[in-house]
Every structure is written in C-alpha cells, then in structure tokens.
Amino acid sequence: MERYNAQEEEPIWQKKWLDKGIFKAEENTNKSKYYVLEMFPYPSGKIHMGHVRNYTMGDVIARYKRASGFNVLHPMGWDAFGMPAENAAMQRNTHPAIWTYENIKNMRSQLKLLGLSIDWDREIATCDPKYYVHEQKLFLDFLKKDLVIRKNSKVNWDPVDKTVLANEQVIDGLGWRSGAPVETKELTQWFFNITKFADDLLLKLDDLKRWPDKVKVMQDRWIGKSTGVKLHFEINQKTQNIPNKTIEVFTTRPDTLFGASFCAIAPDHPIASILSKENPEIKKFISTCQKQGTTLANISKAEKIGCKTGITVNHPFIKDKELDVYIANFVLMEYGTGAVFGCPAHDQRDLDFANKYQLEVIPVVLPSNQDPKNYKIVDEAFTGEGIIINSDFLNNLNIEDAKNLAADTLEKIQINGRAQGEKTITFRLRDWGISRQRYWGCPIPIIHCKKCGVVEVPKKDLPVTLPDDVNFDVPGNPLDRHATWKHTSCPKCHNPAERETDTFDTFVDSSWYYARFCSPDSEEILDAKAVDYWLPVDQYIGGVEHAILHLLYSRFFMRSMKITGHVKIEEPFDGLFTQGMVTHETYKNKKGEWLFPEEVIIEGSSAKHIDTGEEVVIGPIESMSKSKKNIIDPNAIVSMYGADTARWFILSDTPPERDIQWTDNGVEAANKFIQKAWKIIYEGERISCQKEEKNPVDFTDESLHIRKTTHKIISDITEALDNLRFNRAVAYIYEFSNYLTTTLADNPKNIDKSIAWAIRESLEAYCKLFGPMAPHLAESCWNHLGYTSLLAEQPWPTCDKNLITKETAIIIIQVNGKKRGEIEILIDTKQKDVEQKAFNVENVIKAINDSAIKKVIYVPGKILNVVV
RNA sequence: GCCCCUGUGGCGGAAUUGGUAGACGCGACAGAUUCAAAAUCUGUUGUCUUAGGGCGUGCUGGUUCGAGUCCGGCCAGGGGCACCA
C-alpha cells in the first residue's frame, strides 16, 4: 500500500469538481434551497488561518447540505473597498485598484487550494463598478423613501495634513502621520436613518432563533431602548443672562425627583458653549473634558468632575428649591438631551459627583430591610427596589407607581405655555453616518448645484465611477482635488456644478452583498425571482467582531430594501454562527523581539532559536497576529500536508465558537488520520464484497454488529453536523476508524458473505461521513472503492432506525446515589423484575447490608437507585 | 465602572430533559517491529488506597433518591462597551 499523497490527489479532484460544475447553484429546481454564506474577506493580500477556519466550516455545511438533497448556494466575493488600499498606494506608489485586484488574484488562488465547494461563477468584488452601480441606485431609492438624511456631524480633523482621520488613525489624540493634535470639525454628511427602525430592530431580535444569544444581547444593548420622561427645568433668570428659559433633561427615574440635588449638562451642550464665551474658567474646563475623549471604557473609572455654571434651576415639585447647574464630564451630548438631574442617593455616578462637591444626598427609595429613621447613603448608591420616602405626594408608593405618578404630574404642570414633562422613549442607537472623505470607496451619486442645491445623479448616468488618474502624494481626498472629475454640470439646470467627493462607508458595500449573490449578473439591482428564492441566508458564519455594526446595518438594509420593493422579507440571516479565533504560542528572543514559529525549536518546556541556538522565551497563547509573528501560513501547511489536513485540524477538538490553538502536534494528528483513513479503505476494500452487490438475506451476529455500529455512527455524525458540532463529528469519525481497524484485523480474507457486505456498507458510509470535512481524501477513497462517480455527488448516508433501536439496556444500580453495579436487561423489562435482578448483584447486597429499603427509583433504561 | 461568557486529567475537550464523569485526540509511559531511528502497531494513563474501596468537574452553601448539569454567595480567567441618566 502506498501512502496517501495529498499533493498529487487534491488537484485532480479540484479539477474534476470544476469541470463538472457540481458546485454551481441550480437556477431551476424543485429542490429546497439552502444558502450558506461566510463573511466575505477583505483582500489584504494573503489568506490567514482565520479564513481557513471560517471557510472550512461553511464548506462542511455546504457539502453536507448538498449531499442531504438541498440546492445549495455557496458563493464568494471580496469586500474590496477600504483604507488599506489607499495606505498601500501612499507607501508603495501603486494604484489602489491595482493593489486590490492583485490581492484578489492571490487570495482567490489560495482559497481554491482549500478545495471549497464554492460557485465561483458568482464571485463579486465591491470595487467593481458592475457591483457599485447598483449600490448607487439603491442609495437613490432609499433617498426617495426618506431613508437617507443629511445632517452635520463631527469628524477627526488633522490640521497639518488637512484631512479627515478615521478613529484608528488617531493615536493618543494625535494624527497618525502628522503627529499633530487632532481637532474636531463639523461637516455636513449623509446618514442612513437607522434610528427609524430602532424599535423594530430590537423587537425582531426575538425572532432570530438561530442566532447566538450573545450577539442578540449585544445588539439589544447597542440599540438601548429606555423609557423615561423628558422634563424642562426652569432656569432662574436672575442667575445668568442667557437666552434659554429652560434646560431639558431626560430621566428614567422621575420617581427620584425629590432626591435631586443638582443638574448637569454635557461639556458640548449649547448652554455650555454660550457660557464658555464669557467665562474663561468654563472654557478651560470644557477643553479639559474634550481631551478626555468619550470612547474609552477607562473613562468610566476616571474621576467625575464638574464645573459650576452659576445658573440655578427651580425644582419642579418643591417650591423655592433651587438646584445648581454644573457642566460635568460624565454627561453625554449624544444621548437623551445632553442634560441630567442628579439624584446622588440612587445613582452611583451622581453620588461620586455629589461627594466630591459636597452636595446633598437625600434618600428617596427605602429598601425593605431598612429602618427609615437611620437609613443613610454614604458611598454606595442604592438602585434596587423599595418604597418611596421623603417625597411628598409620592411617599409610600413603589418605584413603578411613583414613576407613573411623577410623570403624570409633570405632564399636567404648565411651564412657558407647555407641559413641564412628557413620557418619552429614548434609544442610544444613532443614525449611521455613511460619508467618508476618501477615494477608495463607492462614489455617492450626488451633484451639488449652487442654484438647485443637492441634486441626484439621474439613474441613466450611473455608475458614477472613480477616476483612475489620481495620486496620493499629498494627504487628503484625491477626488476633492481632481482637476476634472469633480466638475460637472447640474442635471437640472445644466449650469456648472460639483460632484459629491465623499464616498460610502465600506459597511454599505457589505450590507447587501449577500442579496446580490442571488443574481450577481442581473441588470437590475436585485433579480426579484432570485432573491425571493434564495433569501434569507440560511447559515451565515463569521467573526464575532461583526456582532453589532455589520449585522445591524445588514438588518437595516433589508428593511429599507423591503420598503423600496427590492425584497419581501426583513431579516437577512436566518441562522448565524460566530466562530472563535485561531491562536498560537508567542515567542521572543532575549532582546525581546518577536520570533516566527518556524524560527523556533521546542524542546520539552523550553525552546531555542533554530539557527543561533539562542534561548527563546515562550510567551502566552494569543490570537494570531502579524505584529506578534505568531502566525502560521495556510499555504505552507497546504503544501506540506495538503488541504485536507489543514481542514481536518481546524475542525478537530475545539468547539467551533471557541478560540482554537494551532499546534504542530495537532497538525500531525490530523495528518495521521488522513493516512489512517486511507489505510482503512485500502485494507477494507480487499475484504469487502463488490460494489453494488445485493444485500444478503441473513446477517450473522457479527455482521449485524458491524451494521449497527455503522448506523449508530451515521446517526451521531448527522446530529453533530446539524448542530455545527464539528469537533464531535471528528471524534465520532475517530471512533468509527478505531472500530473499523479492529474489525478488519479480526476478519481475514475468507470471511462470511454477510460480513463482507456489512464491511462494504461501513466503508462507503465512512468516506461519505468524513467527505464534507476532508473532501479530497474522500474522493480518492470513493474511487478506490471502485466508483467512477464523484463522492461529492453522492447522497448523505441514511440511518436505518431499526438498526439503532436498542433491545437491551445496561441499568446502573445505585445504592443511595452511589454506583454499586450494573445489569443488562431487555429494554421493556418491568421495574419489579429489574429490582429482583438488581438485588441479586453481590455488590448491591453488600451495600444494602440488611438496611431497610426506604424507596426505589427506577428510570427506565437507565438507572435504578435504592434508597436505604 | 457596567454587561456577557467560561472554569472538568499533564493538555484540547466529551457527557440528550438532572441519571455510569473523563468519549475522542494530544502528550507521557511500557511493549512489538527495527542493527538503530523515524514511521507504524498493541497496551497503560484523574487521584489516593490497607486493593474492599475512598475522593474527585474553581470555592462554598442549598434543592434532589441522585448535581459537571438547577438555585444562592464567593473566587479566577476571558470577551464586549458609546459613563446611556
């Protein structure tokens, strides 16, 4: 027997699959559809192990579903717009398009080596005008339905480079290239009106039964619905000369109004801006706050600081009570109204603040276990349930009732000709800003005309394509300084006008690509028949890092596309799976420089450098990253062991949602399996009967046992794959391998006919079962079993239920919950008979030891517990 | 600070609705084969033990005939975050 040679075999099968076109999704079929999609890659240049894991999992599902009789759509494309292409252009003086297409070419050929069952005819790249022309059309359709709005928003502005920076280009408040302190600048930008769907996006999370709870919780919190009251505090006009008569605050706790001891506004609140003009102290405080940034979690640990405005406001319920208004670093302009009232007793931030500035702390909610006479709040705010105290007309109510009564009362009080308060629902979700001041993105199909204002590019003039003749010598957006591209005429009045030079956020490209895959060549945005048939995606797979933005934006897009009539449903992804990362040990030399794994030789628990012999420090296991050099190149693994080994390893041992540690031992084990499976088929084929031979009339006990084992494994693996438990499917294959190895060794050539038949049945099932995971090997095995057909076209083995129905069962005998013995019984033996048999077991008699039997619990087919 | 998740042998991890804890793989050890090694194959491998068993799923308390699984409290590790009023 020759060793299985993956390097020789794999290309053969890849070519056969391609030539026969068996992975092409069928257009006209009566079969049920199954749409498998993995998050498409950004063409960075090379595939990495994360891709291998992602696409292997998807491929297993696609192959399994195809074998199970589904019409499978399993496409691939490229999320091809984005900043790295522009960075490459700046660094290497290559055009973003050339760099991107070169990368796509490389990565496509790398992916093809993995033997993925992809319908490559549907490949799309988002930077292709044939793709983005439809995105531009969609944008115009959205615009007509008021799904797009235009408003001001802040951007990071680099004053030296005179360019807008992404968050990741701002390092410690400085521009990444210029090093200049970043300023904020207001620009008029385009937004998708995602907040319009806030309630629906939240509500329908419940219907996503095949999504991980984790992702749903994250989206729930991101949307952040809260019910409360907006109320106007009347400004005491004596205190400051400002135009505002009231400050509007939002609260979810109107029940604690009697405990209010101050008000606070955000540093960028309009009133703060007015005051800062005349008060240098306030101005200084505001700039201190701005330096803190608002995006980092560690600010939550930062000290709560504030600055008195000098303004006071009147308490809505308590006559003559005034509250000082502060500007405070923990109040956010983006949420609610940018102003709060502080009730220190029942909010930790307010309490920290009050303690710092020696403000009143009035408890108004009394926990049930406390005595009102000596109930005090010192440095821990009470946020639990209780009864209202110290609150006039709210006293003795529970929190819920007090909230309602307070809100109702506020609605009845008139102030400046309107109700002082009103019940409101607030979301933390903000509209999606889609304008980017960059070249390598989809142009926004808009023309700005001095006379007509914002004018749409007529659909007949689409696509608005990117000009090729650009350079990146100077910072900033090349579209903005392009000599001719920018200048055009107004479609309405035909006077000179300017193109919008902003391009779309790349999340726009990825918010609808899954729909375009249904009809990638259609002249329409989406082919109605195709999307109605294929959508939703049945199984979507990708990294959990996209749990919020990409998935939420896609859900927004489906809703919007439904409104514009392009699709009929609202949810894009019926099933979602988020896979874990690929990790590896890290290595450093004595100088503290990172080393690649191939530079290191491991000896027991220590390591040394492969060339110098210098001692190497083994660091913690971390997710693979270029910066730490703990990466394994998929290409290297494929060329050394073959794609099946890489695929097999990445599916083994670790549950798919967890991080998997890449180890050399693991790869060796995977490769060992490949060889072992080949050997089993090779040896087994000599013993088994001919293919397609009729099944014998009678089976011996032994041949029946082989059949039973085979069908049990079929059932187990089918269940594992249905639940995406790839690691368990692998374990069952190992179990089957061990069983087959022993069975073959026990049966020399001159065996019983029924055994020869049972062995063939098991061998055929065997390669079909590991087929989705190691598809090339499976084809070679299938071929060795005498078939000229492709295994990829064979149906999934079906489990004969009669063969796995058990006639007998092992019953565990427990005495007081401890195992004392086991007996084998017929499955429907009555409890009385089981007991009788159990009481004859020596160890059981010993354990009972003449004690009185209190109770006997019998779980049929499983356990008998005797309580003494 | 808030939210979420996870703690099982030397390691990765199995264990349906609460019902034999440790499947399967790695590593280690022993043996076979070999001049020798690699590869391969066969065993053993949670722990203590007086060899009858005892103890074992982060710690601790509870529910139960019975808890890795359910409930309370704690500890540790990981992840997310936009201080969300």
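Everything below is about the structure printed above this text.
Residues numbered from 1 in each chain as written. Chains lettered and ligands numbered in written order. Predicted model: local features only at pLDDT ≥ 70, side-chain atom pairs only at ≥ 80, totals over all residues. Heavy atoms only, no water.

Draft legend 1. Summary view of the side chain of Gln219. Positionally, Gln219 belongs in helix 7 (residues 213–223). Taking relative accessible area as the criterion, Gln219 reaches 0% and is therefore assigned buried. (Helix = DSSP H or I, 4+ residues; strand = E, 2+ residues; numbered from the N terminus. Buried < 20%, exposed > 50% of the residue type's maximum accessible area, 1.4 Å probe, protein only.)

Draft legend 2. Quick peek at helix 1 (residues 6–20). Spanning 15 residues, helix 1 covers 21 Å between terminal C-alpha atoms, matching the ideal 21 Å at 1.5 Å per step. Taken together, the buried residues of helix 1 touch helix 2 (49–67), helix 4 (96–113), helix 16 (634–641), helix 17 (643–651) and helix 22 (775–784). Regarding helix 1, its N-cap is Asn5, as a side-chain oxygen of that residue lies 3.1 Å from the backbone nitrogen of Gln7 further along. Residue Gly21 follows helix 1 closely and has a positive phi angle near 60°. (Expected span 1.5 Å × (residues − 1). Contact = heavy atoms within 4.5 Å. Polar contact = N/O pair within 3.5 Å; in protein donor to acceptor, adjacent residues only side chain to side chain.)

Draft legend 3. Here's a closer look at the protein's contact with RNA strand B. Taken together, 50 residues surround RNA strand B, and among them Trp222, Thr252, Tyr335, Arg728 and Lys862 come closest. Atoms of RNA strand B within 4 Å of the protein: sugar and phosphate make up 53%, bases the balance. A distance of 2.3 Å is found between a base oxygen of RNA strand B and a side-chain nitrogen or oxygen belonging to Lys862. Among the elements of the structure, helix 7, strand 11 (246–251), helix 18 (664–687), helix 20 (726–746), strand 36 (808–815), strand 37 (818–826), strand 38 (855–859) and strand 39 (863–867) are those that each provide at least two residues to the surface near RNA strand B. (Near = heavy atom within 4 Å.)

Draft legend 4. Structural context of the sheet that holds strand 9 (residues 183–192). A sheet is described by the order of its strands in space; here four strands give the open sequence 6-5-9-21, paired in antiparallel fashion. In the strand order of this sheet, the two ends are held by strand 6 (163–165) and strand 21 (432–433), each with one partner. The sheet contact formed by strand 9 and strand 21 spans two bridges and is antiparallel. In the sheet register, Phe191 faces strand 21, and the bridge partner there is Gly433. In this fold helix 5 (residues 129–144) packs onto strand 5 (148–158) and strand 9, with an angle of close to 85° to the strand it touches most, strand 9. (Pairing = 2+ DSSP bridges. Axes fitted to C-alpha atoms, helices over the stretch in contact; angles between N-to-C directions.)

Draft legend 5. Geometry of helix 8 (residues 270–278). All buried positions along helix 8 are accounted for by Ile271, Ala272, Leu275 and Ser276. One side of helix 8 carries all its buried residues, which in axial view fall inside an arc of 135°. Every exposed residue of helix 8 that faces more than 90 degrees away from the buried side is listed here: Lys277 and Glu278. (Arc of directions from axis to C-beta.)

Draft legend 6. Molecular detail of the pattern of salt bridges. Per the counting criterion, the structure on display carries 38 salt bridges. Lys460 is the partner of Asp461 in a salt bridge, and the nearest nitrogen-oxygen pair spans 3.3 Å. Of the residues examined, Lys460 reaches a relative accessible area of 70% and is grouped as exposed. Of the charged contacts, one joins Lys819 and Glu822 as a salt bridge, the two residues approaching to 3.6 Å between their closest N and O atoms. The class for Lys819 is exposed, based on a relative accessible area of 54%. In this structure Glu822 comes out as partly exposed when scored by relative accessible area, which is 45%. Counted as one network, the salt bridges with shared partners bring together Asp200, Lys204, Arg555, Arg559, Lys562, Glu570 and Glu571. (Salt bridge = Lys/Arg side-chain N within 4 Å of Asp/Glu carboxyl O.)

Draft legend 7. Geometry of the side chain of Thr426. Its place among the elements puts Thr426 in strand 20 (residues 421–427). Among the residues examined, Thr426 registers a relative accessible area of 9% and is labelled buried. For Thr426, the contacting residues outside a window of four places in its chain are Gly224, Lys225, Ser226, Phe250, Tyr335 and Gly336.

Draft legend 8. Representation of the packing of aromatic side chains in the model. Within this structure, the stated rule accounts for 51 aromatic pairs. With centroids separated by 5.7 Å and ring planes inclined at 75°, the aromatic side chains of Phe258 and Phe393 adopt a geometry described as edge-to-face. Of this pair, Phe258 sits in the loop between strand 11 and strand 12 (262–265) while Phe393 is found in the loop between strand 17 (387–388) and helix 11 (399–412), placing the two residues 135 residues apart along the sequence. Since its relative accessible area comes to 5%, Phe258 is described here as buried. When its relative accessible area of 32% is taken as the criterion, Phe393 is described as partly exposed. The structure contains a cluster of three or more aromatic residues connected by ring pairs, namely Phe139, Phe142, Trp190, Phe192, Phe197, Trp432, Phe504, Phe507, Tyr553, Phe556 and Phe557. A cation over an aromatic ring shows up here: Lys112 above the ring of Trp120, its NZ or CZ 5.0 Å from the ring centre. Across the ring face of Phe191, the terminal group of Lys151 is positioned such that the distance to the ring centre comes to 5.0 Å. (Phe/Tyr/Trp six-rings, centres within 6.5 Å; stacked < 30°, edge-to-face > 60°. Lys NZ or Arg CZ within 6 Å of the ring centre and 35° of its normal.)

Draft legend 9. Structural context of the nonpolar core. Ranked by size, the top nonpolar core spans 176 residues in total, and within it Tyr514, Phe557, Met561 and Phe770 carry the most contacts. It is helix 21 (residues 753–770) that provides the largest number of residues to this core, a total of eleven residues. With residues up to four places along the chain from it excluded, the contact list for Phe770 reads Trp648, Phe673, Ala677, Ile733, Leu777, Ala778 and Cys781. (Core = buried A, V, L, I, M, F, W, Y, C linked by side-chain atoms within 4.5 Å.)

Draft legend 10. Geometry of the environment of Leu187. Its place among the elements puts Leu187 in strand 9. Not counting chain neighbours up to four residues away, the residues in contact with Leu187 comprise Lys151, Asn152, Ser153, Val155, Val164 and Gln437.

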